[in-house]
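Understanding the architecture of this molecule
The lines below spell out each chain.
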Amino acid sequence: MSSTQTSAELVLGTAQLGLVYGAANRIGQPNARDAELILHSAVSAGVKWIDTAAAYGSAEQRIGAALPGSKGVRIVTKLAPLDEFDETSDAGDIRRAVRDSVRRSCTRLGTDRLEVLLLHRARHLMMHSGAVWNAVKALRDEGVIYDLGVSVYSPQEALAALADRDVRHIQLPFNALDWRWRDSGVFEALAKRPGVTVHARSALLQGLLANANEARWPEGVDHAELDARLDSLTRELDRDSPADLCLAYVRAQPWIDGVVVGMESLRQLALNVALFKRPPLTADEIAAVDASLPRASERLLNPALWAKAA
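Throughout what follows, the structure given in this document is the object of discussion. (Residues numbered from 1 in each chain as written. Predicted model: local features only at pLDDT ≥ 70, side-chain atom pairs only at ≥ 80, totals over all residues. Heavy atoms only, no water.)

**Quick word on the overall build of the protein chain**
Let me state the cut-off plainly: Starting at the N terminus, helices and strands are each numbered in turn, a helix being any DSSP run of H or I of at least four residues and a strand any DSSP run of E of at least two. As a reference, a globule follows 2.2 Å times the number of residues to the power 0.38, and the radius of gyration itself is taken over C-alpha atoms. We call a residue buried when its accessible area falls under 20% of the maximum for its residue type, exposed when it is over 50%, and partly exposed in between, using a 1.4 Å probe and counting protein chains only. We call two residues in contact when some of their heavy atoms are within 4.5 Å. Surface exposure here means Shrake-Rupley accessible area, sampled with a 1.4 Å probe, where a residue is shielded only by the protein chains that are shown. As used throughout, the charge tally considers Lys and Arg to be positive and Asp and Glu to be negative, leaving His and the chain termini uncounted. Every charge is mapped to an atom, namely NZ of Lys, CZ of Arg, CG of Asp or CD of Glu.
The secondary structure content of the protein chain amounts to 12 helices and 8 strands. Taking 310 residues into account, the globule formula puts the C-alpha radius of gyration at 19 Å, and the protein chain, at 19 Å, falls close to it. Oriented by its inertia axes, the alpha-carbon framework of the protein chain measures out at about 55 × 45 × 40 Å. Looking at the protein chain as a whole, 54% of its 310 residues are labelled buried. Taking the contacts inside the protein chain whose residues are at least 6 apart along the sequence as the reference set, 76% of them involve residues at least 24 apart. Total accessible area on the protein chain stands at roughly 13700 Å², and carbon and sulfur atoms take up 49% of it. Considering the protein chain, the positive charge centre built from 36 side chains and the negative charge centre built from 39 side chains are found 4 Å apart.

Here it is in structure tokens:
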């Protein structure tokens, strides 16, 4: 990336505002007043996107209370996980559950139309002959949803989503350790879909990379070498901290439009806003990071597997 290119923008993640979330979260869930201050301060600082989900506890409700109508900011929310349904479920029950989820999200967010709705489970694109996906497309056609997308966990899920022309927004996990996307064909698929917005989550791996030396790493992960290399790269590339290094790496990726960063305090918000004003890494610096950091295991890259790592 040249120095003149625009880097990915900050997207406020709100899982921490609705529940206790994150491996490096030492503060816990902020109270309603503090959550409101974080949301107002983010918008005042120029944050244009807020990411949330029906499954994030009270997050949608807190956003709706603080920013009714969401003026000046775009809200990305996610359909309920619908984990109670499978291929044997009644298609009518699925359609009703989808509509109920969307209706509840609208009510909580204080709006009559969702700006962006993502499937929280990529398998819902195809499940039950597309019953879930067809239901959200119908709501889009009725004007209840503006844009549709999918939250994915792997390059394979991203490729399946990008093959569907109705998908206009992708959220995926990506960080300086995540080698899975390089030779997967996702970059080529994105190049053919220039209208798709890509938001990356997990840039700091639930905060582990921001507090590498003190973080509570998953059982079975040997992080001593990683800690040392992150510290060394931070010094060599003149970054403020490992968090600055890792965010600057993700922000520099030309295929990423926004980086979802969760925060549970005003102090964290101010720090992240400041870090996003710093220059992203150059192409040479990205190459230096890629050459130095170890190849992370799937067990570390996917937080869903952390509980099984012991």
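**Some thoughts on the packing of helix α8 (residues 224–236) against helix α9 (residues 242–251)**
Defined as follows: Where helices are involved, their axes are fitted lines through C-alpha atoms of the stretch in contact, as for all axes, and angles between N-to-C directions lie from 0 to 180°. Just so you know how the angles are binned, under 35 degrees is roughly parallel, over 145 roughly antiparallel, 65 to 115 roughly perpendicular, and the rest oblique. Side-chain classes are defined by residue name, with Ala, Val, Leu, Ile, Met, Phe, Trp, Tyr, Cys and Pro counting as nonpolar, Asp, Glu, Lys and Arg as charged, and the others, Gly among them, as polar.
Direction vectors running N to C along α8 and α9 enclose 80°, while the axes themselves pass 9 Å from each other. Between α8 and α9, the interaxial angle falls into the category roughly perpendicular. Counted together, L230, D231, L233 and T234 of α8 and P242, L245 and C246 of α9 form the full contact between these two elements. Classifying every residue of the contact of α8 with α9 gives 5 nonpolar, 1 polar and 1 charged.

**Remarks on the pairing of strand β5 (residues 145–151)**
We apply this condition: DSSP-based pairing: two strands are paired if at least 2 bridges between them are found. A clockwise path from the first strand over the helix to the second, with the strands pointing away from the viewer, defines a right-handed crossover.
Burial runs high along β5: 6 of the 7 residues are buried. When strand β4 (residues 114–119) meets β5, the two strands line up parallel, connected through 5 bridges. Directly across from L119, in β5, lies its bridge partner V150. Each parallel crossover has a hand, and the one from β4 via helix α5 (residues 127–141) to β5 is right-handed.

**Side note on the sheet that holds strand β8 (residues 258–262)**
Taken together, the 8 strands give a closed barrel; going around it, the order is β1-β2-β3-β4-β5-β6-β7-β8, and neighbouring strands pair in parallel fashion. Here the strands of the sheet are splayed against their neighbours by 30° on average, with no regard to which way each runs. Inspection of the sheet shows strand β1 (residues 9–13) paired to strand β2 (residues 49–51) by 3 bridges, in the parallel sense. Pairing of V11 across the sheet is with W49, part of β2. Here helix α4 (residues 91–109) sits on the sheet and contacts β3 (74–78), β4 and β5; the angle it forms with β4, its principal contact strand, is near 135°.

**So, the side chain of R62**
What counts, and what does not: Only one rule defines a salt bridge in this text: a Lys or Arg side-chain nitrogen within 4 Å of an Asp or Glu carboxyl oxygen. Here a polar contact is recorded for every N or O atom pair within 3.5 Å, except that within protein the pair must consist of a potential hydrogen donor and a potential acceptor, and residues adjacent in sequence are included only if both atoms are side-chain atoms.
By the element assignment, R62 lies in helix α3 (residues 59–66). The buried charged residue R62 lacks any salt bridge, with D34 as its nearest oppositely charged partner at 8.4 Å. In terms of polar contacts, R62 uses its side chain to reach the backbone carbonyl oxygen of L17, at 2.8 Å. Excluding anything up to four places from it in sequence, R62 contacts L17, Q29, P30, N31, A32, A35 and L39.

**Remarks on the environment of Q61**
Its location among the elements puts Q61 in helix α3. Judged by its relative accessible area of 53%, Q61 falls in the exposed class. Linking Q61 and T107, residues 46 residues apart in sequence, is a C-alpha distance of 8.2 Å.

**With respect to unusual backbone geometry**
In this structure, S202 takes a positive phi of about 65° despite not being glycine. Inspection of the secondary structure puts S202 in the loop between β7 (197–201) and α8. Note on S202: relative accessible area 15%, which makes it buried. The phi torsion at D238 lies on the positive side, around 55°, for a residue other than glycine. Position of D238 relative to the elements: it lies in the loop between α8 and α9.

**Comments concerning the side chain of R239**
Mapped onto the fold, R239 is located in the loop between α8 and α9. Ignoring any residue separated from it by four or fewer positions in sequence, one finds R239 in contact with T234, D244, L245, A248, R251, R278, P279, P280 and L281.

**Section: the pattern of salt bridges**
In the structure shown here, the tally under the stated rule is 20 salt bridges. K137 serves as the salt-bridge partner of D166, at 3.5 Å between the closest nitrogen and oxygen. Of this pair, D166 sits in the loop between α6 (155–162) and β6 (169–173) while K137 sits in helix α5, and the two are 29 residues apart along the sequence. Using a relative accessible area of 23% as the deciding quantity, one classes D166 as partly exposed. Judged by relative accessible area, K137 falls into the buried class, the value being 18%. For D178, the salt bridge identified is with R180, shortest N-O distance 2.8 Å. Both residues of the pair, D178 and R180, belong to the buried class. Through salt bridges that share partners, K137, R140, D141 and D166 make up one connected network.

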